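Understanding the architecture of this molecule
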Amino acid sequence: MTPFSISYKEEDDLTLIREFFEGSKVALNRLINRHQQFIYNLALKFVGDRDEAADLTQEVLISIISKLDKFQGNSSFRTWLYRMVYNRFIDTKRKKIEKSVVSFEEYGDFLDTVYNDEDMTPQEQADNGKAIDWTRNKCLTGALICLDRQQRMVFILGAIFNLKSNIAAEILEVTPENFRKQLQRAKDDLFRFMQDKCGLINVAAPCRCQKKTKGYIQDGIVSPETIQFYPQFTDSIESVVESKNREIDYLITNPYLYLFTQQPYEDKKDNEIKSRHILSDPAVMQLFQLS
């Protein structure tokens, strides 16, 4: 379940907030765990690196908890919370992948010129399936990072996690019509690039995951042995997004979005440890007089 699933009940958040202000640390821990996984997956799509996504998630959660007493109920708690998430993501300092992936043009030059000489045999592809998946996900991340931060967040919310335009617009403090226009521009830019470069979308396009993977293996960037440390996932983004937009626009763009929604929806196993870390943060302890 995500905070934007049909089964999500905001009154459960409000109950936990009330119990927390009545002195329950357990309630705060539960509140954190209701949102931490989704915020982490948003961060992972936004910054493209697990460690940096985890750090950004913790920064955001500490900031949100420290400002809980400022929630006045003028909007839904979910809107209030994810508006803060959005603002923090947009304002955070540039991360390492944003410094290396500058534009669609430069990223396209890389795809055109690097690791295109040797292909894998069918047996090599079967033996290196996990490494090829790793390469595909890294390549999709690079393409997503080519969008500017505003476009990227709009695309993540509206296309990957399929938030309704009225909900996403409230979070971003724009009109639903403006959000839909921003989303369409982001799709146009990203899908045009994929149509030109990605062999999974266009058989005439030059880039092939297995070719890139073979080059990465030969240069020691990834190996069949070290890829075993790549976490195993049972959920895809598609599996946790309950409501699917069946409008013509979705049917037209489905081949592109399929690649993004099949990426893993990651479950951080250290949520409880991270939650205890947040509870022990000096700012949180001082504000709420925790001891």
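The rules behind these values
- Residues numbered from 1 in each chain as written.
- Predicted model: local features only at pLDDT ≥ 70, side-chain atom pairs only at ≥ 80, totals over all residues.
- Heavy atoms only, no water.
- Helix = DSSP H or I, 4+ residues; strand = E, 2+ residues; numbered from the N terminus.
- Buried < 20%, exposed > 50% of the residue type's maximum accessible area, 1.4 Å probe, protein only.
- Contact = heavy atoms within 4.5 Å.
- Areas by Shrake-Rupley, 256 points an atom, 1.4 Å probe, with all protein chains shown as cover.
- Salt bridge = Lys/Arg side-chain N within 4 Å of Asp/Glu carboxyl O.
- Core = buried A, V, L, I, M, F, W, Y, C linked by side-chain atoms within 4.5 Å.
- Axes fitted to C-alpha atoms, helices over the stretch in contact; angles between N-to-C directions.
- Parallel < 35°, antiparallel > 145°, perpendicular 65-115°, else oblique.
- Nonpolar A, V, L, I, M, F, W, Y, C, P; charged D, E, K, R; others polar.
- Phe/Tyr/Trp six-rings, centres within 6.5 Å; stacked < 30°, edge-to-face > 60°.
- Expected span 1.5 Å × (residues − 1).
- Polar contact = N/O pair within 3.5 Å; in protein donor to acceptor, adjacent residues only side chain to side chain.
- Disulfide = S-S within 2.5 Å.

1. Thoughts on the overall build of the protein chain
Looking only at helices and strands, the protein chain has 16 helices and 0 strands in total. For the protein chain, the proportion of its 291 residues judged to be buried stands at 51%. Long-range contacts, defined here as pairs at least 24 residues apart, represent 76% of the contacts in the protein chain between residues at least 6 apart. For the protein chain, the computed accessible surface area is about 14,800 Å², with 49% contributed by carbon and sulfur atoms.

2. Some words on the pattern of salt bridges
Overall, the coordinates contain 14 salt bridges when judged by the stated rule. Two residues, Arg 18 and Glu 22, come together in a salt bridge whose shortest N-O distance is 3.9 Å. Among the salt bridges present, the one from Asp 196 reaches Lys 197, with a minimum N-O distance of 3.6 Å. Residue classification places Lys 197 among the buried residues on the basis of a relative accessible area of 13%.

3. So, the nonpolar core
In this structure, Phe 89, Phe 155, Phe 161 and Leu 190 are the most contacted members of the largest nonpolar core, which totals 74 residues. With 12 residues, the top contributor of residues to this core is helix α2 (residues 25-47). Those residues in contact with Leu 190, other than ones at most four positions away along the chain, are Phe 104, Ala 143, Leu 144, Leu 147, Phe 155 and Phe 260.

4. Let's talk about the environment of Leu 56
With respect to the element layout, Leu 56 can be found in helix α3 (residues 50-66). For Leu 56, a relative accessible area of 0% translates into the label buried. Separated by 17 residues in sequence, Leu 56 and Ile 39 place their C-alpha atoms 9.1 Å apart. In this structure Leu 56 touches Ala 43, Val 47, Phe 89 and Thr 92, once residues within four positions along its chain are discounted.

5. Looking at the packing of helix α10 (residues 165-172) against helix α11 (residues 176-197)
Viewed as axis vectors pointing N to C, α10 and α11 meet at an angle of 95°, and their least axial separation amounts to 8 Å. Accordingly, the angle class assigned to the pair α10 and α11 is roughly perpendicular. Across the interface between the two elements, Ser 165, Asn 166, Ala 168, Ala 169 and Leu 172 of α10 pack against Pro 176, Phe 179 and Arg 180 of α11. Looking at the contact of α10 with α11 residue by residue, the classes come out as 5 nonpolar, 2 polar and 1 charged.

6. Here's the deal with the packing of aromatic side chains
In the structure shown here, the tally under the stated rule is 18 aromatic pairs. With centroids separated by 5.0 Å and ring planes inclined at 70°, the aromatic side chains of Phe 38 and Phe 161 adopt a geometry described as edge-to-face. Here Phe 38, found in helix α2, pairs with Phe 161, found in the loop between α9 (149-160) and α10; they are 123 residues apart in sequence, far enough to count as distant. Like Phe 38, the residue Phe 161 is buried in the burial classification.

7. Points about α3
The periodicity of an α-helix, 3.6 residues per turn, causes residues three or four positions apart to be oriented the same way. Taking 1.5 Å of rise per residue, 17 residues should cover 24 Å, and α3 covers 24 Å from first to last C-alpha, within 8% of that figure. Its side-chain oxygen placed 3.1 Å from the backbone nitrogen of Asp 51, Asp 49 serves as the N-cap of α3.

8. A word on the environment of Phe 89
Tracing the sequence through the fold places Phe 89 in helix α4 (residues 77-91). In this structure Phe 89 comes out as buried when scored by relative accessible area, which is 0%. Sequence separation between Phe 89 and Leu 42 is 47 residues, and the spatial gap between their C-alpha atoms is 9.4 Å. Once residues within four sequence positions are removed from consideration, Phe 89 is found in contact with Ile 39, Leu 42, Ala 43, Phe 46, Leu 56, Val 60, Arg 149 and Met 153.

9. Observations concerning helix α12 (residues 209-218)
α12 sits mainly inside the fold: 7 of its 10 residues count as buried. Among all positions in α12, only Cys 209, Gln 210, Lys 212, Thr 213, Lys 214, Gly 215 and Tyr 216 are buried. Taken together, the buried residues of α12 touch α6 (104-113), α7 (122-127) and α8 (129-145). Directly after α12, the chain includes Gly 220, whose backbone phi takes a positive value near 75°.

10. Description of the side chain of Thr 79
Checked against the element boundaries, Thr 79 lands in helix α4. Setting aside chain neighbours within four positions, we find Thr 79 in contact with Glu 170 and Ile 171.

11. Let's talk about the state of the cysteines
As enumerated under the stated definition, the model contains 0 disulfides in all. No disulfide involves Cys 139; its nearest neighbouring cysteine sulfur is the one of Cys 207, lying 4.7 Å away.

12. Regarding unusual backbone geometry
Positive phi is not limited to glycine here, since Tyr 115 has a value of about 60°. Of note, Tyr 115 is situated in the loop between α6 and α7. In this structure Tyr 115 comes out as partly exposed when scored by relative accessible area, which is 21%. Despite not being glycine, Asn 162 has its phi angle at roughly 55°, a positive value. Relative to the helices and strands, Asn 162 is located in the loop between α9 and α10.

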